There are 2 protein chains.
Amino acid sequence: MKQRNEVPYKIYLSEEELPKAWYNVRADMKNKPAPLLNPGTLQPMTFEELQPVFCDELIRQELDNDTAYIPIPQPIRDFYKMYRPSPLVRAYFLEEKLGTPAKIYYKFEGNNTSGSHKLNSAIAQAYYAKMQGLKGVTTETGAGQWGTALSMACSFFDLDCQVYMVKVSYEQKPFRREVMRTYGAAVTPSPSETTEVGRRILAAHPGTTGSLGCAISEAVEAASKQPGYRYVLGSVLNQVLLHQSIIGLETKAALDKYSIVPDIIIGCAGGGSNLGGLISPFMGEKLRGERDYRIIAAEPASCPSLTRGKFAYDFCDTGMVCPLAKMYTLGSDFIPSANHAGGLRYHGMSSILSQLYHDGLMEAVSVEQTEVFKAAELFARCEGTLPAPESSHAIRAAIDEALKCKETGEEKTIVFGLTGTGYFDMVAYGKFNDGQMSDYVPTDEELAASFAKLPKVNQ
Amino acid sequence: MKQRNEVPYKIYLSEEELPKAWYNVRADMKNKPAPLLNPGTLQPMTFEELQPVFCDELIRQELDNDTAYIPIPQPIRDFYKMYRPSPLVRAYFLEEKLGTPAKIYYKFEGNNTSGSHKLNSAIAQAYYAKMQGLKGVTTETGAGQWGTALSMACSFFDLDCQVYMVKVSYEQKPFRREVMRTYGAAVTPSPSETTEVGRRILAAHPGTTGSLGCAISEAVEAASKQPGYRYVLGSVLNQVLLHQSIIGLETKAALDKYSIVPDIIIGCAGGGSNLGGLISPFMGEKLRGERDYRIIAAEPASCPSLTRGKFAYDFCDTGMVCPLAKMYTLGSDFIPSANHAGGLRYHGMSSILSQLYHDGLMEAVSVEQTEVFKAAELFARCEGTLPAPESSHAIRAAIDEALKCKETGEEKTIVFGLTGTGYFDMVAYGKFNDGQMSDYVPTDEELAASFAKLPKVNQ
């Protein structure tokens, strides 16, 4: 086995080396991400307009395109220390299995009970809600990782946590639901009778199993109707990418410790929170002209917002109550095929990442589900950890790059984000184990029909 | 918050500090654990008698009462480096929540896909099987942690892995089963038609949901009937405690780094693998008269082998095909009440721990299930990690000791073993969340009836 003693299996930073500030990549972007628009006036959303829905400090972070470093409050750093710094792992066994000259590293964010990187932003959002003297927060969850993370964060700060969980997940993932309940969250299957929008949808579509867009609409309504409550979101938003920059900052510090300069950085992309966080400091160097990297977003072929979407203003939710965001989008009522497992099913993409992609600063690849699970199984068997289906999109892309190196003989250094574990995704693994997993790629006609419904502001 | 800067939240050893040898506590025991007896001849089992069932090197380790340090082969150390050294965590948030002057540390073994410490022995046993040129191994699993660990280990060394899973768990824990299948294991619900003993039991008890004892008997038969196969076991045996000494060695090294001397060391106890591993080096110091510690086994009130069992020779399995072991036992056909969640349901206890307990070198407490889950919930909410029900017995006992310190004002240092995570135990958590968890304590009459069936060798 090659070079096994050069670099340890796991590079850990000490707790003192935990970053003291988040990095805001917008500060270094020449072309800033387009602002959120008020769907009524088509003017940029103001602080005051956002205030009924979001926490004040989080709105400031959302709108701040200029401050490069935003200090991490001490209580958040203390919480981070329970599960961070997270390890940067050298995938020696995977390299050996592939027979590649490439050096592969992954930043592992799954060693916490939420099972993913979502906790990094959840604890920040809960903290600011608490500091504002709020009683609680509402949110939606699909696969359940964000809801779990938020319930842990709220329990820590003694905040009420109301989670609208897409009904089909609520029923198919009872264990995720129980984790949230153990942390004291109230979990409601969506659509529900508890909101107007929920009742309206139930009347129109009796027996519906819900959608993420519908759950967002319910959570936003629930927040706006209860004094002392705000709505929080686990991806897509600028503030979330800011909090997730902790992933990239730690990754860069760990690499710097061993003077390692990556050639390729890969992250899976749904709404963009993990990818945006992982690449932030590297993208910053690239934007400042200090260093060049290949940066690759790996998205599902069944929900290909970057590779096949339009760069346009669109609604963030299917209920069309949220502001308009300029992003790569498949259209706000695009729903990935039912056979698509796990997360990464959002129709749009972070405005920051969309702008960077539009400006040619990063690449994107789409990968098919069966190939993703093959990569996941290979990874589990040689690296030990059973990965989340979402994370496995990045594994697939990293393996593909490592296999190219095998052909060319290039010793490239590849870093990818292993966002989480798949312990609550065993239904999907079961399908794969039984040979019953299939692939689905939307047709051009389906996408064209969806694009036709984009809001008129784009015309 | 007190002293938060004295000691980090998580003490990590470097990979170079990973122990290079396991510690065999038997070498320092004046009263050695009693030998396994051949149930036919009532003579100590010889190497040759054990050879058809166990791997050669593992038998040597099983019978070796003298060698204090046994080197860890490099391939096992390499595998360990994927998830070890595991962190020793200072429970600052739990201390604060309890308002105790006690300092609480826990050694966290759950940060790997098997979700527990079982992987430490699984990889060793798989390695020795591979070195012997075997094709595969068989085993049983109840709650599924051991089966998962073994399937990961076998997949790593490309060994066939056949797991007999207690039928009720096979049906109620389909996700554990899928994890094992993802690592390539063949999982059979027990009792099954694949073995003679299985067919016999099915004929006698149609519709039975199985038991650990029955699954052991099937796994032993399956190993003995297939050339190139051996049977492996995840707890109770001396060899397993030897491998698990890695837990205690790392714990001691981490404490030594900060000159911390614990007053109390607590582990949950089922078959004894975690407890035995955690306490080994501390018990060694105690046995050699170098230092004194309070060492406490925490066991379920519903399966109280140390606190209410007999110290006697008994069968290790309910099928009575295995050797006799001298241990604290509730009788080999004792089955804990169906309301008992999680593992720790073994009728006996490691011979090593039984002897140490008999000699007054450690204490034992029994804790009731509802109190255990209350401790688990409290722990999850302030320390982040959702613990396994098994581990939560130790949490309960540690909290109880910390609360005593609160009364007396003593600043004791408490170390406990957090053996694993509860991500596959959400059915039990759901019961607790719904207020439907109950306690059960066997009556004296029930135990007396079970003791009456102990083998005659004891008379």
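So, how was this worked out
Residues numbered from 1 in each chain as written. Chains lettered and ligands numbered in written order. Predicted model: local features only at pLDDT ≥ 70, side-chain atom pairs only at ≥ 80, totals over all residues. Heavy atoms only, no water. Pairing = 2+ DSSP bridges. Helix = DSSP H or I, 4+ residues; strand = E, 2+ residues; numbered from the N terminus. Axes fitted to C-alpha atoms, helices over the stretch in contact; angles between N-to-C directions. Least-squares fit on C-alpha atoms with pLDDT ≥ 70 in both. Polar contact = N/O pair within 3.5 Å; in protein donor to acceptor, adjacent residues only side chain to side chain. Domains from an automatic or database assignment. Contact = heavy atoms within 4.5 Å. Buried area = accessible area lost by both parts, 1.4 Å probe. Salt bridge = Lys/Arg side-chain N within 4 Å of Asp/Glu carboxyl O. Nonpolar A, V, L, I, M, F, W, Y, C, P; charged D, E, K, R; others polar. Buried < 20%, exposed > 50% of the residue type's maximum accessible area, 1.4 Å probe, protein only.

## Observations concerning the sheet that holds strand 7 (residues 160-166) of chain A
Either a parallel or an antiparallel arrangement is found when strands of a sheet pair, and the pairing is made through backbone hydrogen bonds.
Residues and elements named next belong to chain A.
Point 1. Taken together, four strands build an open sheet; the order of strands is 8-7-6-9 and the sheet is parallel. At either margin of the open sheet sits one strand with a lone partner, and together these are strand 8 (186-190) and strand 9 (229-231). When strand polarity is set aside, the average angle formed by the axes of neighbouring strands in this sheet is 25°.
Point 2. In terms of strand pairing, strand 6 (residues 136-141) meets strand 9 through three bridges, oriented parallel.

## Details of the relation of the copies chain B and chain A
Point 1. With an axial shift of 0.0 Å and an RMSD of 0.0 Å, the rotation relating chain B to chain A amounts to 180°. Taken together, the turn and the small shift mark the pair as related by a two-fold rotation axis. Residue B:Asn111, judged by its C-alpha, is the member of chain B lying nearest the rotation axis, at 3.1 Å.

## Overview of the sheet that holds strand 1 (residues 10-11) of chain B
Residues and elements named next belong to chain B.
Point 1. Within the open sheet, the seven strands sit side by side as 1-4-5-15-10-11-14. Their pairing is mixed. The sheet is open, and its two borders are formed by strand 1 and strand 14 (363-367), each paired with just one other strand.
Point 2. Relative to strand 11 (residues 294-300), strand 10 (residues 264-268) is paired through five bridges, and the arrangement is parallel. By the bridge assignment, Cys268 is partnered in strand 11 with Ala298.

## Concerning the side chain of B:Thr100
Point 1. Within the secondary structure, B:Thr100 is located in the loop between helix 4 (92-98) and strand 5 (103-108).
Point 2. Here the side chain of B:Thr100 touches B:Ala102 through a polar contact of 3.0 Å, landing on its backbone nitrogen.

## Points about the domain arrangement of chain A
Many authors give the size of an interface as the accessible area that is lost as the parts come together.
Residue and element names in this part refer to chain A.
Point 1. If you check the domain split of chain A, you get domain 1 (10-17 + 85-115 + 245-451) and domain 2 (21-70 + 118-231).
Point 2. Contacts between the two partners involve 40 residues from domain 1, matched on the other side by 36 residues from domain 2.
Point 3. Between domain 1 and domain 2, roughly 3,000 Å² of surface is buried when both sides are summed, and carbon and sulfur atoms account for 65% of that area.
Point 4. Between the two partners, domain 1 and domain 2, sit two salt bridges.
Point 5. One salt bridge connects Arg288 with Asp28, and the closest N-O pair in it is separated by 2.9 Å.
Point 6. Summed over the shared surface of domain 1 and domain 2, the number is eight residue pairs in polar contact (both at pLDDT 80 or more).
Point 7. Breaking the side of domain 1 that touches domain 2 down by element, the ones donating at least two residues are helix 11 (238-257), helix 12 (273-287), strand 12 (310-315), strand 13 (324-329) and helix 14 (351-358).
Point 8. The element that contributes the greatest number of residues to the side of domain 1 that touches domain 2 is helix 12, accounting for six residues.
Point 9. Taken together, the residues of the side of domain 1 that touches domain 2 break down into 19 nonpolar, 14 polar and seven charged.

## Overview of the pattern of salt bridges
Residues and elements named next belong to chain A.
Point 1. Per the counting criterion, the structure on display carries 56 salt bridges over all chains.
Point 2. Salt-bridge contacts for Lys225 lead to Glu196; the nearest nitrogen and oxygen are separated by 3.0 Å. Taken together, the residues span a long stretch of sequence, with Lys225 in helix 10 (residues 212-225) and Glu196 in helix 9 (residues 196-204) at a distance of 29 residues.
Point 3. Relative accessible area serves as the criterion here: at 45%, Glu196 is assigned to the partly exposed category.
Point 4. If you follow the salt bridges from partner to partner, you end up with Arg84, Lys107, Glu109 and Glu250 in one network.

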